[in-house]
Every structure is written in structure tokens, then in C-alpha cells.
Amino acid sequence: MDADGWFDGFDAGEYEVNGVRLFARTGGRADAPPLVLLHGFPQTHAMWHRVARRLAPHFRLVLPDLRGYGDSAKPPGGADHAAYGKRAMAADVVALMHSLGHARFFVAGHDRGGRVAHRLALDHPQAVARLAVIDIAPTLDMYVATDMAFARAYYHWFFLIQPAPLPERLIGADPRFYLHAKLGGWGSGGLAHLEPRALAEYERCFARADAIHAACEDYRASAGIDLEHDRASRERGEQIACDLLVLWGERGVVHRLFDPLALWRAQCAGTVSGHAMPAGHFIPEERPAETAQALLDFFAR
């Protein structure tokens, strides 16, 4: 899988953490600060392939498939979907990084990976040196502000949380069609920004009954147990302790309907910086050079 420059110089491996098996790639400079890159829906770690090439000379990179995605395990979600809660996913990342010898590290997350990263920073502040989130506002704020405009743009937030097997069966009837609709949406303007090999990876990994179910469980957790955890954290006054970088696409839903800097500053005790980028939702693939430079500037300060 690593020929022809596809993650050239990276190692691929499987790791047992918290009772689940995670697939991850590792690469970059062995003596450099560690940086973990977390993907979102409906993708895998492969979304970082262009960015990783640019960051490899500067960081020790770790690129996992989150549980439920890619080549990582897809455990049962449980009655409360807690196995796909961001607390469980964040604990996976911490355990993975510890197994690789990294007690403290940088974190960047796009989409669902950003939500995992947010919970990671709250639950494990000692582990996160700096944090970057890409094209998200805090989950609780987005749900609380739901109106017709948001429901139209992010209908999948409400479709995927319906009880199984309704969304699973409907998506499973033509998973490739659904996948392409998501990858080309949210201001991204089609699939031209995707390299063919990356798209083939998404198709391979998504078009499976267990993967579709796991993705639905991820969203069911976000609409349930994740909100419980977020409300509890706010009631206790917990905030992100480290500095935070926020990037978002100027053609995306977050830019159109939210004020991401204001919302994240309300949840962070550190310095919050960031800006909109000339992209839709899938910024690391639409603007890989600019994304890599923004992350390098932030994490290498």
C-alpha cells in the first residue's frame, strides 16, 4: 500500500488499545515533537496524505483510523452508544500515543476527529501540548443552535442518529452514492479535490455494513452521551487548557452559520487563534499546502 509515494516512509501497524484494535501509520522525524492527526467522517487517516508529506520533516507523525473507521476495529456501540462516544475514542488515542512512547503531544483533528480532539483535551489535559480543530464548532453549541438552515445543511446529524437499522439499510442500498454525496458536499464542490487513490480507500472502507453501522453509532453517541459529557464539563467549568488553532472553510456550513472563534474562545483557557480558508469542508485535501503551513506555524512556535 505504500508504493508510488503513498505515505512513502511511513510504517503501517495495528495496535491493541482499550480492548480494540487500531490501525495507524507512523512516520516523520523520529527525534521531532509528536503530532497526532485525526480524521473525520466519512474518511480514514488517508485524508491526511498530502498534509503528512509536508509535515513529516518537522514532526513525528501518528495517523490512526478512529475506532469504527478504516481498518480499525468496529466494536458494538452498546445500548447508550458509549463505545463510540468521544470519551472512548479520545482514550484510544491517548493509549495509542502512550504505547508509542509519547506522553505529551500535539493534536490536530478534522470533523469528527476534531470532536475527539476536543474531548481528549478536556479529559487528558496533561497529554495535549497544543490543539488544532478544523471546520467544526463545539458539538453542544451546534446542537443547541439548531434551526432550519442548520438542519438543511447538516441533515445527516439527524438522519444517522435514527435507530438502527433504518439509516444503515438506506445507506447500504447504495453506499458509494452516499459516500460521494458526502465527500462532494458542504461547500467542497464535487470530488475534484480528492486524489483517486484516496477516494478508492474511502470507497473500500466505507462500503461495508459494519463500517456504515459504526459511523451511525458515532453520530448516535454525539447526540446522546457526548452531549451529557459536554454539559457536565461545562457545569464543572472545564475548559481546554492549551493554546488552540481553529481553521474553517469559507464556503462551509461552520462559516455560514456560526462564529467559530467566539465559540471556541468560550471553551478555551489558552490563546485561541485561527482563520477561514478558501475551501469547503474538506480543507486538508482541498488546501493541503496551506493546511500544512498553518499547522506548522502553530505547532512549531
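Since the model is a prediction, treat every value here as computed from it, not as a measurement. (Residues numbered from 1 in each chain as written. Predicted model: local features only at pLDDT ≥ 70, side-chain atom pairs only at ≥ 80, totals over all residues. Heavy atoms only, no water.)

(A) Quick look at the side chain of R220. Position of R220 among the secondary structure elements: in helix α10 (residues 209-222). Exposure remark for R220: the relative accessible area of 5% places this residue in the buried category. Separated by 2.8 Å, the side chains of R220 and E217 make a polar contact. Not counting the four nearest positions on each side in its chain, R220 is found in contact with H81, L160, I161, Q162, P163, A164, P167, E168 and H213. (Helix = DSSP H or I, 4+ residues; strand = E, 2+ residues; numbered from the N terminus. Buried < 20%, exposed > 50% of the residue type's maximum accessible area, 1.4 Å probe, protein only. Polar contact = N/O pair within 3.5 Å; in protein donor to acceptor, adjacent residues only side chain to side chain. Contact = heavy atoms within 4.5 Å.)

(B) Broad picture of the environment of F105. By the element assignment, F105 lies in strand β5 (residues 105-110). Exposure remark for F105: the relative accessible area of 1% places this residue in the buried category. Residues F105 and V116, eleven residues apart in the sequence, show an inter-C-alpha distance of 15 Å. Not counting chain neighbours up to four residues away, the residues in contact with F105 comprise P34, V36, V94, M97, L120, A127, V128, A129 and R130.

(C) Structural view of the environment of A211. In this fold, A211 is placed in helix α10. Since its relative accessible area comes to 6%, A211 is described here as buried. Put simply, A211 and A46 are 165 residues apart on the chain and 16 Å apart in space, counted from C-alpha to C-alpha. With near-sequence residues (within four places) excluded, A211 lies in contact with G68, K74, C205 and F206.

(D) Here's a closer look at helix α3 (residues 112-123). Between its terminal C-alpha atoms α3 stretches 17 Å, which fits the 16 Å expected from twelve residues at 1.5 Å a residue. With respect to burial, α3 is a largely interior element, eleven of its twelve residues being buried. For α3, the set of buried residues is R112, G113, G114, R115, V116, A117, H118, R119, L120, A121 and L122. (Expected span 1.5 Å × (residues − 1).)

(E) Fine view of the pattern of salt bridges. Under the definition given, this model contains 21 salt bridges. Here D71 makes a salt bridge to R204, at a shortest N to O gap of 2.9 Å. Of this pair, D71 sits in the loop between β4 (60-64) and α2 (86-99) while R204 sits in helix α9 (residues 196-206), and the two are 133 residues apart along the sequence. Residue class for R204 comes out partly exposed when judged on its relative accessible area of 38%. Counted as one network, the salt bridges with shared partners bring together K86, R112, D218 and D226. (Salt bridge = Lys/Arg side-chain N within 4 Å of Asp/Glu carboxyl O.)

(F) Molecular detail of helix α8 (residues 175-183). Turning to α8, its buried residues are P175, Y178, L179, H180, K182 and L183. Here the buried face of α8 lies against α6 (156-159), α7 (166-172), α9 and α10.

(G) Just the sheet that holds strand β2 (residues 20-28), in detail. Spatial ordering of the open sheet is given by β1-β2-β4-β3-β5-β6-β7-β8, a layout of eight strands whose pairing is mixed. Each end of this open sheet is capped by a strand with a single partner; those strands are β1 (11-17) and β8 (272-277). Strand-to-strand twist across the sheet, computed as the mean angle between neighbouring axes with direction ignored, equals 20°. Sheet topology places β1 next to β2; seven bridges connect them, and they run antiparallel. (Pairing = 2+ DSSP bridges. Axes fitted to C-alpha atoms, helices over the stretch in contact; angles between N-to-C directions.)

(H) Up close: the side chain of R115. Along the chain, the position of R115 falls in helix α3. Buried within the structure, R115 lacks any salt-bridge partner; D111 is the closest side chain of opposite charge, at an N-O distance of 6.0 Å. A distance of 2.8 Å separates a polar atom in the side chain of R115 from the backbone oxygen of A137. Apart from residues lying up to four places away in sequence, R115 is in contact with K86, I136, A137, P138, T139, M142 and W157. (Lys, Arg positive; Asp, Glu negative; His and termini not counted.)

(I) Examining unusual backbone geometry more closely. Cis peptide bonds are those with omega within 30 degrees of zero, and the linkage from F41 to P42 qualifies with 0°. Note that P42 resides in the loop between β3 (34-38) and α1 (49-55). Here A164 and P165 are connected by a cis peptide whose omega angle stands at 5°. Structurally, P165 is set in the loop between α6 and α7. Residues other than glycine seldom take positive phi values, yet H81 does so here, at roughly 65°. Within the secondary structure layout, H81 lies in the loop between β4 and α2. The exposure class of H81 is partly exposed, given its relative accessible area of 21%.

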